[in-house]
Amino acid sequence: MMLETLSIFKNKCLINGQWLSHASLVDVTNPADGSLLTHVPFMGAAETTLAIDAAQQALGSWKLLSSATRADILLKWHDLIVKNVHDLAKIMTLEQGKPLHEAQGEVLYAASYIKWYAEEARRVYGDIIPSDDATKKIHVSKEPVGVCVAITPWNFPAAMITRKVAPALAAGCTIIVKPALETPLTAFALIGLAQDAGVPNGVINVLSGDARKIGVQMTASPLVRKLSFTGSTAVGAQLMAACAPSIKKLSLELGGNAPFIICEDADLQLAATELIKSKFRNAGQTCVCANRIYVHQNVYDTFAQIFLEKVAQLKVGNGLEPSTDIGPLIDEKATRKVIEHINDALSKGASIAIGGEVLELGENWFAPTVLLNVTQNMLCTKEETFGPLAPLIPFSTIADVIAMANDTQFGLAAYLFSENHRTIERISSQLEVGMVGVNTGIISTAVAPFGGIKTSGMGREGGRIGLDEYLETKYVCYDMR
Ligand SMILES: NC(=O)C1=CN([C@@H]2O[C@H](COP(=O)(O)OP(=O)(O)OC[C@H]3O[C@@H](n4cnc5c(N)ncnc54)[C@H](O)[C@@H]3O)[C@@H](O)[C@H]2O)C=CC1
Ligand SMILES: O=C(O)[C@H](O)CS(=O)(=O)O
């Protein structure tokens, strides 16, 4: 696969409309086999300052465009992404590893955020409020926050970018994107298409490089009014603290530890099918994936049998092969975390029903694994595994499973399978999370507010309220005497 033959391929950073290289370069490799794909610039503080200045310079004219004009440019961007879905997906699979069909799905999911916010851009309404004082008129309007920065992860290298850039541009903001060093090529290609769609110079800038140095510049600059971050809770907390002195607006989409609850009256075939989708999407490297699976004790063995038959059919392979269901993990460190969670569970009494080993395909390849007789004291119920590990935990009462589900610092997503509406209402209303999937394992969509509570973050991306993250409210009081 010659990346250079793809017309959308870029391996440079975009600052003020110029694609720039750098004296320092860093490798981008294929997680499937460690092969070198290309080099990208390893930029730092100086280039970050240039990008922030460019975004500041572009802000005045971009925010003064009509929302209809901004929406038209966003829709052109959307259309170019859809037109190039196959090449974008190939780039993503090569640098991130996910199966091509998943990569194509993510590209279209990413494009859906742009279409959604192109539509929302035209509905940023204000208020005229009847004053208690007859001599006063009260007007309330929404204004763009200003220069924004987005720091994004490697696991969804397209959607995590458009989920931030689309509402920012729709609101009239400008933005600097810092993608993960593991997956910069998807970011470059996406933002190259934004430039082709007519996004003016400086409105979107993208930098690959020294995360810490770039982050220090972004969080310290008084010109930056908003930080949107998706990634680990640990880094999110660091960035939040760094933004405190300049009181930046924050959106944080952080780690997860989703409980997947299967009640005694659940449709077990449906639950097993949806658990396969939730657990093994992106090889389990998804913040909203099922991280711990609670199964009522009276249906535990029956469900386990149904689920294991489906896991056994999953094909692990190179993401470029059409038959592949699960690709490699992003790196050997990710594999080590899965092994750590398995070994801890085994040492505390769990057993492996299927999988449990690194595959001959290479050090980043781990077999889809199911653990039985898992208990709440095991690491895999406390930490985000971020790999293809499905620990099954028996429970006896609804009160017990709610308590176990909430026994975590995280609060992003949860899943619940029952055919009884009272059970569904009772459990979903008590789960301490931002999102609940009822009888489904896939909940992510541009039209709904995505985000969590507790250490899973703050703010929402997607939906109507996702635009508010990039808007400030201004109240003007007119004295009419
Ligand atoms: N909630 C989510 O959607 C995601 C959660 N994660 C969690 O994070 C863990 C590690 O994955 P990573 O991609 O390494 O997440 P990470 O949090 O280390 O990195 C995410 C982004 O932050 C950047 N970054 C890291 N340290 C930074 C710093 N000091 N200043 C500025 N930027 C910084 C990275 O370059 C990347 O662009 C995963 O195992 C998972 O637990 C990772 C990706 C997505
Ligand atoms: O970071 C993630 O895991 C994504 O937010 C998951 S999703 O939005 O693509 O479901």
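Cut-offs used in this document
Residues numbered from 1 in each chain as written. Chains lettered and ligands numbered in written order. Predicted model: local features only at pLDDT ≥ 70, side-chain atom pairs only at ≥ 80, totals over all residues. Heavy atoms only, no water. Helix = DSSP H or I, 4+ residues; strand = E, 2+ residues; numbered from the N terminus. Rg over C-alpha atoms; globule rule 2.2 N^0.38 Å. Buried < 20%, exposed > 50% of the residue type's maximum accessible area, 1.4 Å probe, protein only. Contact = heavy atoms within 4.5 Å. Lys, Arg positive; Asp, Glu negative; His and termini not counted. Charge placed at Lys NZ, Arg CZ, Asp CG, Glu CD. Core = buried A, V, L, I, M, F, W, Y, C linked by side-chain atoms within 4.5 Å. Near = heavy atom within 4 Å. Polar contact = N/O pair within 3.5 Å; in protein donor to acceptor, adjacent residues only side chain to side chain. Areas by Shrake-Rupley, 256 points an atom, 1.4 Å probe, with all protein chains shown as cover. 1 Å grid on protein atoms, 1.4 Å probe; cavity = no way out; pocket = protein on both sides within 12 Å on 5 of 7 lines; lining within 4 Å. Sits in = over half its atoms within 2 Å of the grid points. Domains from an automatic or database assignment. Buried area = accessible area lost by both parts, 1.4 Å probe. Salt bridge = Lys/Arg side-chain N within 4 Å of Asp/Glu carboxyl O. Nonpolar A, V, L, I, M, F, W, Y, C, P; charged D, E, K, R; others polar. Phe/Tyr/Trp six-rings, centres within 6.5 Å; stacked < 30°, edge-to-face > 60°. Lys NZ or Arg CZ within 6 Å of the ring centre and 35° of its normal. Pairing = 2+ DSSP bridges. Right-handed = clockwise from strand over helix to strand, strands pointing away.

Moving on, we get to the overall build of the protein. In terms of regular secondary structure, the protein is built from 14 helices and 20 strands. A compact globule built from 481 residues should have a C-alpha radius of gyration of about 23 Å, and the protein, at 23 Å, falls within 12% of that. Its C-alpha atoms put the protein at 75 × 60 × 40 Å along the principal axes. Across the 481 residues of the protein, 57% fall into the buried class. For the protein, long-range pairs separated by at least 24 residues make up 73% of all intrachain contacts whose partners lie at least 6 apart in sequence. Between the mean site of the 41 positive side-chain charges and the mean site of the 48 negative ones, the protein shows a separation of 8 Å.

This part covers the nonpolar core. Grouped together as the largest cluster of nonpolar side chains are 89 residues, with contacts concentrated most on W77, I81, L169, I176 and I204. The biggest single contributor to this core is helix α4 (residues 100-120), with 11 residues. Not counting residues up to four positions away in its chain, the partners in contact with W77 are I114, T162, V165, L190, L193, A194, A197 and I204. Grouped together as the second largest cluster of nonpolar side chains are 71 residues, A345, F366, L392 and F395 included.

Not every one of the 24 residues close to ligand 1 is listed here, only the nearest: T152, W154, S232, L254 and E384. Interatomic distance of 3.0 Å between a side-chain N/O atom of K178 and an oxygen atom of ligand 1. At 3.5 Å from a nitrogen atom of ligand 1 is found a side-chain nitrogen or oxygen belonging to Q238. In isolation ligand 1 offers 790 Å² of accessible surface; the protein chains occlude 83% of this area. Mapping ligand 1 onto the cavity grids shows that it belongs to the largest pocket. For the shell around ligand 1, the secondary-structure elements that each account for two or more residues are α7 (211-220), β10 (224-230) and α8 (233-243). Split by domain, the shell around ligand 1 shows at least three residues from each of two domains, domain 1 (13-254 + 456-477) and domain 2 (258-438).

Here we take up the domain arrangement of the protein. Each assigned domain of the protein is listed with its residue range as follows: domain 1 (13-254 + 456-477) and domain 2 (258-438). Each side of the interface is counted separately: domain 1 has 21 residues, and domain 2 has 23 residues. Each partner contributes to the roughly 1,800 Å² buried at the junction of domain 1 and domain 2, and carbon and sulfur atoms together form 56% of this total. Taken together, the links from domain 1 to domain 2 amount to 0 salt bridges. In this structure, the connection of domain 1 to domain 2 is made through 10 residue pairs in polar contact (both at pLDDT 80 or more). Secondary-structure elements contributing two or more residues to the side of domain 1 that touches domain 2 are α3 (85-96) and α4. Within the side of domain 1 that touches domain 2, the residues separate by chemical class into 8 nonpolar, 7 polar and 6 charged.

The subject of this paragraph is the packing of aromatic side chains. Per the stated rule, a full pass over the model turns up 6 aromatic pairs. On the numbers, 6.5 Å between centres and 20° between planes, the contact of F280 with F307 is stacked. Here F280, found in helix α9 (residues 268-280), pairs with F307, found in helix α10 (residues 300-311); they are 27 residues apart in sequence, far enough to count as distant. The burial state of F280 is the same as that of F307; both residues are buried. Three or more aromatic residues link up through ring pairs in this structure, and these residues are F260, Y415 and F417. Positioned over the ring face of F450 is R163, at 3.9 Å from the centre of the ring.

The subject of this paragraph is the side chain of E106. Looking at where E106 falls in the secondary structure, it is placed in helix α4. Apart from residues lying up to four places away in sequence, E106 is in contact with M92, K98, N155, F156, P157, A158 and A159.

Among the 5 residues in strand β7 (residues 147-151), 5 count as buried, and that is most of the element. The alternating pattern of β7 places V147, V149 and I151 on one face and C148 and A150 on the opposite face, and all of these are buried. Note that β7 and strand β8 (residues 174-178) share 5 bridges and pair parallel. Bridge assignment links A150 to a residue of β8, and that residue is V177. A crossover connection joins β7 to the parallel β8 through helix α5 (residues 159-171); in handedness this β-α-β unit is right-handed. The pairing of β7 with β10 spans 5 bridges and is classified as parallel. Opposite I151, over in β10, you have F229 as the bridge partner.

Inspection of the secondary structure assignment puts S246 in the loop between α8 and β11 (249-253). Once residues lying within four places of it in the same chain are set aside, the contact partners of S246 are T219 and R225.

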